[in-house]
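# A closer look at the structure
The primary structure of each chain is shown beneath.
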Amino acid sequence: MTETPDTFGPYTIVRGQYGRHPGVCAVDHPKDVVQRHHAQGRFYERPELAMIRKAFPANGRFIDIGANVGNHTLFAALVMNAREVVPVEPNARAYNILRANIL
């Protein structure tokens, strides 16, 4: 994973492989624990995500309460192929990065 000079508003757009899945993430604070993983081409909390994936029903709906910058939201969409992903994030700063990641 390498950072590129691409930007989306105030965010650096990082392109890479998130596991076996190509993806991009918006990063504005690379020292943040979650964004640091994204900037390195990894999902945060991979063991927990693996447990969720194992229990997730085929063609299921994923609701991410407290979505933060979208780690679990992106995992559900890219890796679990959820039929629908509903992220909920009340914090404006995190919501803006979440929105950039979804776009």
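Nothing here was measured: the structure is a model prediction, and the numbers come from that model. (Residues numbered from 1 in each chain as written. Predicted model: local features only at pLDDT ≥ 70, side-chain atom pairs only at ≥ 80, totals over all residues. Heavy atoms only, no water.)

### Things to note about a nonpolar patch on the surface
Together, I63, I65 and V88 give the surface a local cluster of nonpolar side chains, amounting to about 290 Å² of exposed area. Structurally, I65 is set in strand β4 (residues 61–65). Residue classification places I65 among the exposed residues on the basis of a relative accessible area of 64%. (Patch = residues over 30% accessible without salt bridge, like charges linked within 9 Å, V, L, I, M, F, W, Y side chains within 5 Å. Areas by Shrake-Rupley, 256 points an atom, 1.4 Å probe, with all protein chains shown as cover. Salt bridge = Lys/Arg side-chain N within 4 Å of Asp/Glu carboxyl O. Helix = DSSP H or I, 4+ residues; strand = E, 2+ residues; numbered from the N terminus. Buried < 20%, exposed > 50% of the residue type's maximum accessible area, 1.4 Å probe, protein only.)

### What to know about the pairing of strand β5 (residues 84–88)
Where β4 and β5 come together, five bridges link them in parallel fashion. Looking at the pairing, D64 lines up with P87 of β5. (Pairing = 2+ DSSP bridges.)

### Examining the pattern of salt bridges
Under the definition given, this model contains two salt bridges. Here D28 and R93 are joined by a salt bridge, their closest N and O atoms 3.1 Å apart. With D28 in the loop between β3 (21–27) and α1 (33–39) and R93 in helix α4 (residues 92–102), this residue pair connects regions lying 65 residues apart in the sequence. With a relative accessible area of 28%, D28 lands in the partly exposed category. The salt bridge involving E84 is made with R61; its shortest N-O contact spans 2.6 Å.

### Some thoughts on the environment of Y95
By the element assignment, Y95 lies in helix α4. Judged by its relative accessible area of 39%, Y95 falls in the partly exposed class. Distance from Y95 to G70, taken between C-alpha atoms, is 8.6 Å for residues 25 residues apart in sequence.

### Brief notes about the pairing of β4
Regular strands place their side chains on alternate faces of the sheet. Only one face of β4 is covered, namely the face carrying F62 and D64; the face carrying R61, I63 and I65 is uncovered. What joins β4 to β5 is helix α3 (residues 71–78), and the crossover it makes is right-handed. (Right-handed = clockwise from strand over helix to strand, strands pointing away.)

### Considerations on the nonpolar core
Counting residues in hydrophobic clusters, the biggest one holds eleven residues: C25, F43, L49, F56, F62, L74, F75, A76, V79, M80 and A82. Among the elements that take part in this core, α3 stands out by supplying three residues, more than any other. In this view, L49 contacts F43, Y44, N71, H72 and F75; residues no more than four positions away in its chain are not counted. Membership of the second largest hydrophobic core comes to seven residues, among which are Y11, I13, A26 and V69. (Core = buried A, V, L, I, M, F, W, Y, C linked by side-chain atoms within 4.5 Å. Contact = heavy atoms within 4.5 Å.)

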